[in-house]
Amino acid sequence: KAGVTQTPRYLIKTRGQQVTLSCSPISGHRSVSWYQQTPGQGLQFLFEYFSETQRNKGNFPGRFSGRQFSNSRSEMNVSTLELGDSALYLCASTYLDSYNEQFFGPGTRLTVL
Amino acid sequence: QKEVEQNSGPLSVPEGAIASLNCTYSDRGSQSFFWYRQYSGKSPELIMFIYSNGDKEDGRFTAQLNKASQYVSLLIRDSQPSDSATYLCAAPDPGNQFYFGTGTSLTVIP
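Everything numeric here is computed off the predicted structure, so don't read it as measured data.

Peer 1: Could you clarify how one ought to interpret the state of the cysteines in this entry?
Peer 2: Two cysteines form a disulfide when their sulfur atoms are joined by a covalent bond. Residue and element names in this part refer to chain A. Applying the stated criterion across every chain, the model contains two disulfides over all chains. Across the disulfide from cysteine 23 sits cysteine 91; the S-S distance is 1.7 Å. An S-S torsion of about -50° defines the bridge between cysteine 23 and cysteine 91 as left-handed. Placement of the pair is cysteine 23 in strand β3 (residues 19-24) and cysteine 91 in strand β9 (residues 87-94), with a sequence separation of 68 residues.

Quick look at the structure:
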């Protein structure tokens, strides 16, 4: 079974631009969560989508948004990029059974110049 | 505020020794706990999860859970240099929002 895929793997943008990241979960997984990981802050939860609905949201500004499509694929958008948005953005998918194991994709490394 | 806390380390152990990684959590409602391994520059990889008090073994890894003490640990037996990584502890809430610790950096010295 294929794992979680994320595109692109690397991205370089300049301040003020916007970016869209994509995540395809493991087949059959309907929950997709997004995280930001930086050396200083560790893994920080952005939001979680299930059945095209945002169920949970972390403490991030409104510049960070996301959506999920009917095939469970998800996109994350960051508008008006700031230098501090440079990070590894991770997507994780969950089957949502008794154990709710969460599996991560390889991540998108975003650099904002 | 739900919190998951880990000693950041670094933790160094000689090859062949037992590495012990610890995690405490604040939410008494947490039912399951996950351990992830993250190599430098890579994404977290799920090692194992535990949801019942006591021990759960998987190969060289043993997870231990004590809900009364709100404490979960990971033991790595016969540590290998390839085990050198950052280990993350995580606890989801009933809504599937995962709370991660900041991770413990482990170095296994050959």
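From this point on, the discussion continues.
Peer 1: What am I meant to see in the interface of chain A and chain B here?
Peer 2: One frequently used descriptor of interface size is the decrease in accessible area upon assembly of the parts. Contacts between chain A and chain B engage 20 residues on the former and 16 residues on the latter. Surface buried jointly by chain A and chain B totals about 1500 Å² across both partners, of which 55% is contributed by carbon and sulfur atoms. If you look at where chain A meets chain B, you find five residue pairs in polar contact (both at pLDDT 80 or more).

Peer 1: I keep staring at the pairing of strand β11 (residues 108-112) of chain A and nothing clicks. Help me out?
Peer 2: Regular strands have side chains that alternate between both faces of the sheet. All names here are of chain A. Side-chain alternation along β11 places Thr108, Leu110 and Val112 on a buried face and Arg109 and Thr111 on a face that remains uncovered. The pairing of strand β2 (residues 10-13) with β11 spans four bridges and is classified as parallel. Opposite tyrosine 10, over in β11, you have arginine 109 as the bridge partner. For β9 and β11, the ladder comprises three bridges, and the chain directions are antiparallel. Bridging across to β11, alanine 87 finds its partner in leucine 110.

Peer 1: How should the nonpolar core be read in this particular structure?
Peer 2: Generally speaking, soluble globular proteins have nonpolar side chains that are buried together. Counting 24 residues, the largest nonpolar core has Trp35, Val72, Leu74, Ile76 and Tyr87 of chain B as its most contacted members. Breaking this core down by element, the ones donating at least two residues are β3 (19-25), β4 (33-38), β5 (45-50), β7 (61-66), β8 (71-76), β9 (85-92) and β11 (104-109) of chain B. Those residues in contact with tyrosine 87 of chain B, other than ones at most four positions away along the chain, are Gln6, Leu21, Trp35, Tyr36, Arg37, Ile47, Leu74, Ile76, Gly103, Thr104 and Leu106 of chain B. In this structure, Val19, Met76, Val78 and Cys91 of chain A belong to the second largest nonpolar core, which totals 21 residues.

Cut-offs used in this document
Residues numbered from 1 in each chain as written. Chains lettered and ligands numbered in written order. Predicted model: local features only at pLDDT ≥ 70, side-chain atom pairs only at ≥ 80, totals over all residues. Heavy atoms only, no water. Disulfide = S-S within 2.5 Å. Helix = DSSP H or I, 4+ residues; strand = E, 2+ residues; numbered from the N terminus. Contact = heavy atoms within 4.5 Å. Buried area = accessible area lost by both parts, 1.4 Å probe. Polar contact = N/O pair within 3.5 Å; in protein donor to acceptor, adjacent residues only side chain to side chain. Buried < 20%, exposed > 50% of the residue type's maximum accessible area, 1.4 Å probe, protein only. Pairing = 2+ DSSP bridges. Core = buried A, V, L, I, M, F, W, Y, C linked by side-chain atoms within 4.5 Å.

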